[in-house]
Amino acid sequence: MHCVSSKHSVMMVSFCQGALLLSLAAAMAVYADMKVDCGPDFVTLMWRESRPQADTSLLRLGNCFPTSFSAGEAYFYVDLTDCNFRRLVTGDALVYSNDLTYVASADSYNLAFTHPVVCAYERPKDWYATIYDPVFKTYSLGDLQFNIGLMNDDFSGPAESTRFPLGSIIPIMASVVQETHQPLLLLLEECVAATTPELYPESTMYPIISNKGCLLESVSSRSKFEPRQKSSEIRLSLQTFTFAMGEEVFIHCKLLAWDPNGLDSTKKACHFVEGHGWELLDNLAQSNLCDCCESKCKSRRQRSVASEKHGMVQKAVVGPFTITDVTS
């Protein structure tokens with residue numbers, strides 16, 4: 001495909017034969033160059049960052065992590081059917097749109113931003129709309145955006161495979177983006193495995209996290225919560241278990257964004273550590289909040305009345321992935 005590039009003060013845009021890229025600057029304060037090529041069924045995006053303290057691993061195209069990144073660059077190579085691209089048919093045009101976002105940490109000097117990216121194609125004469133199969137990774141609630149997905153071994157990017165041998169570790173990370181909200185602590189209140197992307201009364205389920213934040217799987221396996229990198233993220237190393245071997249598995253979770261100063265026995269992240277018992281992820285000195293993991297963690301009436309002031313709950317789904325038999 002033949003391309004011609006033109007450079008502006010805050011971005012570089014490529015116009016390619018057969019595809020028109022429309023990229024709108026999110027803010028004049030974004031000091032970077034961006035080059036995007038719209039392929040027939042894929043998009044490549046290169047972001048070159050000039051701010052010395054910017055972390056390019058925090059860039060997202062829709063709900064996709066960078067395919068690769070370095071200190072000053074982030075590169076995406078994605079299909080138009082991935083990353084939550086939005087598709088619109090208007091007249092003779094077939095338009096795919098998405099957002100490049102930068103998720104700034106609470107202690108960062110670099111502000112978060114959103115940068116729209118749109119690819120417009122001539123609508124094929126024989127093209128007809130098909131049923132869209134949603135990807136369960138990004139969810140919005142009010143001014144909060146929740147993300148959850150399978151990660152690679154060091155949590156630096158998305159998983160390279162969705163097949164996990166029995167006994168191996170499945171890294172899962174969830175996060176919440178809070179541009180205008182007070183700082184919140186992200187918790188996993190409940191997670192169950194099932195063989196369907198939606199839960200039904202007759203669904204066969206395998207409990208993973210229950211009792212208001214107790215990681216049940218940590219009692220008899222190597223599953224554990226990893227130390228936090230930031231309050232708005234939570235990382236789970238989940239050891240695979242004997243459930244629906246060889247079938248597609250989905251993990252259904254309730255994500256809770258909560259006031260960091262409002263932890264109690266119903267707002268917590270607890271895992272079992274051999275030789276120590278139940279421990280609170282965020283403060284070992286308050287591990288007594290986990291004592292109820294062996295019984296029933298009950299809500300405190302005075303906190304439940306004010307729950308909406310302290311945080312929000314969002315349901316989310318991870319998967320599908322497959323647990324395989326190591327002997328097969």
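Residues numbered from 1 in each chain as written. Predicted model: local features only at pLDDT ≥ 70, side-chain atom pairs only at ≥ 80, totals over all residues. Heavy atoms only, no water.

By the naming in an unreviewed UniProt entry, the protein chain is Zona pellucida sperm-binding protein 3-like isoform X1, taken from Gymnodraco acuticeps.

Chemist: Any chance you could break down the overall build of the protein chain for me, citing the residues and the numbers?
Modeler: A tally of helices and strands in the protein chain yields 2 helices and 24 strands. Residues counted as buried form 47% of the 328 residues belonging to the protein chain. Sequence separation of 24 or more characterises 61% of the internal contacts of the protein chain that already satisfy a separation of 6 or more. Put simply, the protein chain shows about 17200 Å² of open surface, and 52% of that area lies on carbon and sulfur atoms. (Helix = DSSP H or I, 4+ residues; strand = E, 2+ residues; numbered from the N terminus. Buried < 20%, exposed > 50% of the residue type's maximum accessible area, 1.4 Å probe, protein only. Contact = heavy atoms within 4.5 Å. Areas by Shrake-Rupley, 256 points an atom, 1.4 Å probe, with all protein chains shown as cover.)

Chemist: Account for the environment of Y121, with residues named and values stated.
Modeler: Inspection of the secondary structure assignment puts Y121 in strand β11 (residues 113-122). Of the residues examined, Y121 reaches a relative accessible area of 11% and is grouped as buried. Between the C-alpha atoms of Y121 and L94, which are 27 residues apart in sequence, the distance is 5.1 Å. Engagement of the side chain of Y121 in a polar contact is seen with the backbone oxygen of G39, the distance being 2.6 Å. (Polar contact = N/O pair within 3.5 Å; in protein donor to acceptor, adjacent residues only side chain to side chain.)

Chemist: I'd like a rundown of the pattern of salt bridges, residues and numbers included.
Modeler: For side chains bearing opposite charge, pairing can occur when the charged atoms are close. Considering all chains together, one arrives at 4 salt bridges under this definition. Of the charged contacts in the structure, one is a salt bridge between R86 and D99, with a shortest N-O distance of 3.4 Å. Highlighted residues: R86 in strand β9 (residues 86-90) and D99 in strand β10 (residues 93-102), separated in sequence by 13 residues. Judged by relative accessible area, R86 falls into the partly exposed class, the value being 40%. With a relative accessible area of 24%, D99 lands in the partly exposed category. The residue R235 makes a salt bridge to E233 at a minimum N-O spacing of 3.6 Å. For E233, a relative accessible area of 9% gives the class buried. (Salt bridge = Lys/Arg side-chain N within 4 Å of Asp/Glu carboxyl O.)

Chemist: Hey, could you go over the packing of aromatic side chains for me, with residue numbers and the actual values?
Modeler: Summed over the entire model, instances satisfying the criterion amount to 7 aromatic pairs. Here F164 and F321 contribute two aromatic rings whose centre-to-centre distance is 6.0 Å and whose plane-to-plane angle is 85°, an arrangement assigned as edge-to-face. Of this pair, F164 sits in strand β14 (residues 163-165) while F321 sits in strand β24 (residues 311-324); the two residues are 157 residues apart in sequence, bridging distant segments of the chain. Exposure class is identical for F164 and F321. Each is buried. Judged by centre distance (5.7 Å) and plane angle (80°), the rings of F272 and W278 are edge-to-face. Three or more aromatic residues joined by ring pairs form one cluster here, namely Y206, F241 and F243. For K267, the ring lying beneath its charged end belongs to W258, and the centroid distance is 4.7 Å. (Phe/Tyr/Trp six-rings, centres within 6.5 Å; stacked < 30°, edge-to-face > 60°. Lys NZ or Arg CZ within 6 Å of the ring centre and 35° of its normal.)

Chemist: Which residues make up the pairing of strand β16 (residues 185-194), and what values go with them?
Modeler: Of all 10 residues in β16, 9 are buried; the element is thus mostly enclosed. Relative to strand β21 (residues 248-258), β16 is paired through 9 bridges, and the arrangement is antiparallel. Along β21, the bridge assignment pairs E190 with K254. Pairing of β16 with strand β17 (residues 206-210) involves 3 bridges; the strand directions are antiparallel. Counterpart to C191 in the pairing with β17 is I209. (Pairing = 2+ DSSP bridges.)

Chemist: How would you summarise the nonpolar core if you had to cite specific residues and measurements?
Modeler: Where a protein is soluble and globular, its nonpolar side chains tend to be buried together. Formed by 49 residues in total, the largest nonpolar core has its most connected members in I172, L188, I208, F225, I251 and L255. The element that contributes the greatest number of residues to this core is β21, accounting for 7 residues. When neighbours within four sequence positions are excluded, F225 is seen to be in contact with L188, I209, G213, L215, I234, R235, L236, A269, C270, H271 and L281. Counting 25 residues, the second largest nonpolar core, distinct from the first, contains W47, A74, C83 and F113. (Core = buried A, V, L, I, M, F, W, Y, C linked by side-chain atoms within 4.5 Å.)

Chemist: Please give an account of the pairing of β17 that cites residues and values.
Modeler: Inspection of the sheet shows β17 paired to strand β18 (residues 214-215) by 2 bridges, in the antiparallel sense. Bridge assignment links I209 to a residue of β18, and that residue is L215. From the end of β17 to the start of β18, which pair antiparallel, there are 3 residues, and N211 there has a positive phi angle of about 55°.

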